[in-house]
Amino acid sequence: MYVYDDYDQRIINERVTQFQDQMNRYLDGKIPEEEFLPLRLQNGIYIQRYAPMLRVAVPYGMLNSQQLRALAEVARDYDRGYAHVSTRQNFQFNWPKLEECPEILAKLAQVQMHAVQTSGNCIRNTTTDEYAGVVAEELVDPRPYCEVIRQWSTFHPEFAFLPRKFKIAVNAVPDADRAATRMHDVSVQIVRNEAGELGYRVFAGGGLGRTPILSSVVREFLPEKDLLTYLDAIIRVYNQFGRRDNKYKARIKILVKALGVERFSEMVEAEWAHLKDGEGKLTQAELDRLKSFFTEPEYKTLAANPTSYSDALANDTAFARWVERNVRTHKKAGYAIATFALKQKGTAPGDITDRQLFAIADLADKYSFGEARTTHQQNIVLADIEQEKLYDLWKEAKALGLATPTLGLLTDMICCPGGDFCALANAKSLPVAEALQNAFDDLDYLHDLGEIDLNISGCMNACGHHHIGNIGILGVDKKGEEFYQVSLGGASGEDASVGKILGPSFARDRMVDIVRIILDVYVAERIEGESFIETFRRVGMAPFKTAAYPAPATA
Amino acid sequence: MTQIILDKQIAQDDWVLVADDATLSGNKEVINFSRWNSAVDTDKADLIAKRDAGTLGIQLNAGDTADLLAQDSQGFALINVDFPKFADGRGYSAARLLRERYGFSGQLRAVGDVLFDQLFFMMRCGFNAMAMREDQDLELAVKGFETFSAPYQGDVNDARPLFRRRG
């Protein structure tokens, strides 16, 4: 993975000094609350319901074991013994003391981590496929391009005060989209043109929130070296013409929709014409330099599916079940990709203890070249495990409570922190997640249901991605009471779609019943082998609606 | 006379922003862009003469994008860019465009809700003057230009991004 040089380290160190100074001025009363707000936001600090929340950037989800240990130490020494993996692949701490945040950031800077632009109306952490670099299907490794974007976006002088937050995602797999890229302000699909040259299909104007929209194509093919000048052009158009009068209409998706994507593209192209051959154009030397950080680790030459592995699969059904759900095919024979689902019963989705973090660091060192990844589904991946050692890994993970065999199943849900922590939320989301975890804990049943994305957000800001859940649950406020609106048919993959609302919202204590009714309709309607989303797309909303809202008996 | 920051030092301000209906004198005066833009015939000729004499400045307000002024900017001795709120970042793009695209080389001044923690970004986008909000400490502010020593991106002062400067 990328390693800082003196320049990168100096920039992050100078940031820590700057923020310490800003914090001191704030604590001395020299910066009023209102003006401190954007400063702390740009350092990842929200003021939550009970305490500040610190969001630490995990650039495109990559972590080394040293960084995992530093995060574990922060959880142990400055928080209440746990941390939270967010849907932007970042780490969040829910209970740090405000005045200790600069100290935490200084500590993290020592392991090349920061909280720069993890919130506020600026360019946020770039995300990508959690299997980057280890799957055969990808065109190229997307991470060097993510790092290009990270450096360009860090303290960009022109774009620190955009109309609204701005999220970029990169994908390099032709037929899959694990990074939900079409839901981003800008998405970059790495492609080859007919001449075989590497470049990008650029999309803009996607987003969730109040107005969920999938992004549209702005340019079919952008040459490899033109990435940054093109992003400059897009965001310069947005910075000048995006709405600033209403925060709910300020995302780039609203601008693209208002202008129409053709007009928006024309404006971007006109702007880009001035920039494309300037100094901002990427150089081959820089691309080569960044690619050199993402070369393959020292893989052994191994045979696929060694006997000891096949034996373990045959003899231990619990292990086999975990492999079936949580292990993916690696591009190298004899290796595998393993995911720890952070979705255990009794803990909030994405939560992880300091002890588990230390242990994952050790497992990464022992089994996976010292690296790990976070995912936007709030899980953690070890990407380079020898198949021969999977059984040992599983046993260790199981002892740590990290081997729940439910990846992609109903209980592998995405959930925001909701009204238990977040000051913006209309309703709590975690108790709904917990009730569902408890009600649907039969592994046979979960495996029989197969892949279902269930996503829960505590408010319209949609941090829990409810619009793109096959089953989406949105907390709403009805005259001071917490209710939940259900949507069906959302999807986040290559065939992404936004869910449709089932009908009037439900009280919290009905949510388990409603989900059960929806699942029963699916089970009754499905044709052999059909997933939930496939069945929904075939039969439509009607049977679900009928079951969820039975007509009152007539006299 | 109020104090501003000019070329990273505290300086006296000798410009005055005048109301749209004010009669102009021979002093250094700044008019709103809208007045310039709507002036015709002899009014426009008078403004051009004053501009060419070096005593007319112009102010871009919220929503006035740099392309509206474009190459016309070159004759002005001063352009103000107003920041109605510190969180309104349109002025950063306006500044870069005036400097990098439209060849403006006079005094480019940030006015309005201009606070200490924005100065470094403003300088990089081409502002060489800042009229800071009244409550700001100018002595402290002039130190704000040293926050970062080697930024990643190219900017108005050095068009080369770090990847073209990295040793």
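Procedures and definitions
- All residue numbers here refer to positions counted from 1 along the written sequence of the relevant chain.
- Note on labels: chains are lettered from A, ligands numbered from 1, in written order.
- Note on the predicted model: pLDDT of at least 70 is required for a residue's local features to be given, and 80 or more for side-chain atom pairs to be given and counted; whole-chain, interface and lining totals, by contrast, use all residues.
- Strands here are runs of E lasting at least two residues and helices are runs of H or I lasting at least four, both read from the DSSP assignment and numbered beginning at the N terminus.
- Each radius of gyration reported is based on C-alpha atoms, and the globular scaling rule is 2.2 Å times the count of residues to the power 0.38.
- In this scheme the burial state of a residue depends on its C-beta neighbours within 10 Å: 20 or more other such atoms mean buried, 12 or fewer mean exposed, and anything in between means partly exposed; the C-beta positions come from the backbone.
- Contacts are defined on C-beta atoms placed from the backbone: any two residues whose C-beta positions lie within 7 Å are in contact.
- Pairing between strands is defined by DSSP: at least two bridges between them are needed.
- Throughout, an axis means a line fitted to C-alpha atoms (over the contacting stretch in the case of helices), and angles, computed between N-to-C directions, take values from 0 to 180 degrees.
- When residues are grouped by polarity, Ala, Val, Leu, Ile, Met, Phe, Trp, Tyr, Cys and Pro land in nonpolar, Asp, Glu, Lys and Arg in charged, and all others, Gly among them, in polar.
- Roughly parallel means an angle under 35 degrees; roughly antiparallel, over 145; roughly perpendicular, 65 to 115; everything else is oblique.
- Among buried residues, those of type Ala, Val, Leu, Ile, Met, Phe, Trp, Tyr and Cys that are joined through C-beta atoms within 7 Å form a set called a nonpolar core.
- Bear in mind that the domain bounds are from an automatic or database domain assignment.
- Values of pLDDT, ranging from 0 to 100, describe the predictor's confidence in every residue of the model.

## Focus: the overall build of chain B
Thought 1: A tally of regular secondary structure across chain B gives seven helices and eight strands.
Thought 2: Whereas a compact globule of 167 residues would reach a radius of gyration of roughly 15 Å, chain B reaches 16 Å, a difference of no more than 12%.
Thought 3: Considering chain B as a whole, with its 167 residues, one finds that 39% of them fall into the buried category.
Thought 4: Partitioning the intrachain contacts of chain B with sequence separation of at least 6 by distance along the chain shows that 55% fall at a separation of at least 24.

## Concerning the overall build of chain A
Thought 1: Looking only at helices and strands, chain A has 18 helices and 21 strands in total.
Thought 2: Compactness check: chain A gives a C-alpha radius of gyration of 23 Å against a globular reference of 24 Å for 555 residues, within 12% of the reference.
Thought 3: Principal-axis analysis of the C-alpha atoms places the extent of chain A at approximately 70 × 65 × 55 Å.
Thought 4: Taken across its 555 residues, chain A has 55% of its residues classed as buried.

## Observations concerning the sheet that holds strand 6 (residues 127-128) of chain A
Residues and elements named next belong to chain A.
Thought 1: Spatial strand order, 6-7-8-9-10: five strands in an open sheet with mixed pairing. Each of the sheet's edge strands pairs with one partner strand only, and the pair in question is strand 6 and strand 10 (216-223).
Thought 2: Note: strand 8 (residues 186-192) against strand 9 (residues 198-204), seven bridges, orientation antiparallel. When the sheet's bridge partners are listed, Val186 is paired in strand 9 with Ala204.
Thought 3: Lying on the sheet, helix 6 (residues 227-241) is in contact with strand 8, strand 9 and strand 10; it crosses strand 9 at an angle near 15 degrees.

## Structural notes on the interface of chain B and chain A
Thought 1: Each partner contributes to the interface: chain B provides 31 residues, whereas chain A provides 30 residues.
Thought 2: Residue assignment for the side of chain B that touches chain A shows that the elements contributing at least two residues are helix 4 (90-100), helix 5 (119-124) and helix 7 (162-165) of chain B.
Thought 3: Per element, the largest residue contribution to the side of chain B that touches chain A is four residues, and it comes from helix 4 of chain B.
Thought 4: For the side of chain B that touches chain A, the class distribution of residues is 14 nonpolar, seven polar and ten charged.

## Re the packing of helix 1 (residues 6-27) of chain A against helix 4 (residues 101-109) of chain A
Describing two packed helices takes the angle between their axes plus the distance from one axis to the other.
Residue and element names in this part refer to chain A.
Thought 1: At a minimum axis distance of 9 Å, the contact between helix 1 and helix 4 shows a crossing angle of 175 degrees. Judged by the angle between their axes, helix 1 and helix 4 are roughly antiparallel. Contacts from Ile12, Asn13, Val16, Phe19, Gln20 and Met23 of helix 1 reach helix 4 at Pro102, Leu105, Ala106 and Ala109.
Thought 2: Its residues assigned to classes, the contact of helix 1 with helix 4 shows eight nonpolar, two polar and no charged.

## Regarding the nonpolar core
Thought 1: By size, the foremost hydrophobic cluster in this structure holds 203 residues, and its most contacted members are A:Ile234 and B:Met130.
Thought 2: For this core, the element with the highest residue contribution is helix 6 of chain A, accounting for nine residues.
Thought 3: Ignoring sequence-local partners within four residues, the contact set of A:Ile234 consists of A:Val186, A:Ala204 and A:Val268.

## Concerning the domain arrangement of chain A
Residues and elements named next belong to chain A.
Thought 1: Domain boundaries in chain A define domain 1 (6-109), domain 2 (127-291), domain 3 (307-399) and domain 4 (414-548).
Thought 2: On a C-alpha basis, the centres of domain 1 and domain 2 stand 26 Å from each other.
Thought 3: If you look at the interface, domain 1 gives seven residues, while domain 2 gives seven residues.
Thought 4: Looking at the side of domain 1 that touches domain 2 residue by residue, the classes come out as four nonpolar, two polar and one charged.

## Some words on the sheet that holds strand 14 (residues 371-374) of chain A
Residues and elements named next belong to chain A.
Thought 1: Overall, antiparallel pairing links the five strands, which are arranged 3-14-15-12-11 in an open sheet. If you trace the sheet from one side to the other, it starts and ends with strand 3 (62-64) and strand 11 (327-329), each paired once. Between one strand axis and the next, the sheet turns through 30 degrees on average, direction left out of account.
Thought 2: Pairing between strand 14 and strand 15 (residues 380-386): two bridges, direction antiparallel. The residue bridging Arg373 from the neighbouring strand is Val381, located in strand 15.

## Concerning the environment of B:Asp20
Residues and elements named next belong to chain B.
Thought 1: Mapped onto the elements of the fold, Asp20 is located in the loop between strand 3 (16-17) and strand 4 (29-32).
Thought 2: Spatially, the C-alpha atom of Asp20 lies 8.5 Å from that of Ser34, the residues being 14 residues apart in sequence.
Thought 3: Asp20 has contacts with Asn32 and Arg35, leaving out every residue within four places of it along the chain.

## A word on the confidence of the model for chain B
Thought 1: Residues with a pLDDT of 70 or more make up 99% of chain B, whose mean pLDDT is 94.
Thought 2: Predicted as a complex, the structure gets a pTM of 0.92 and an ipTM equal to 0.97.

## What about unusual backbone geometry?
Thought 1: Positive phi, close to 65 degrees, is recorded for A:Ala462, a residue that is not glycine.
Thought 2: Note that A:Ala462 resides in the loop between strand 17 (454-457) and strand 18 (471-478).
Thought 3: The buried category is assigned to A:Ala462, around which 22 C-beta atoms lie within 10 Å.
Thought 4: Non-glycine residue B:Asp7 carries a positive phi angle of around 50 degrees.
Thought 5: Take B:Asp7: it is sitting in the loop between strand 1 (3-6) and strand 2 (9-12).
Thought 6: Overall, the presence of 9 C-beta atoms within 10 Å leaves B:Asp7 in the exposed class.

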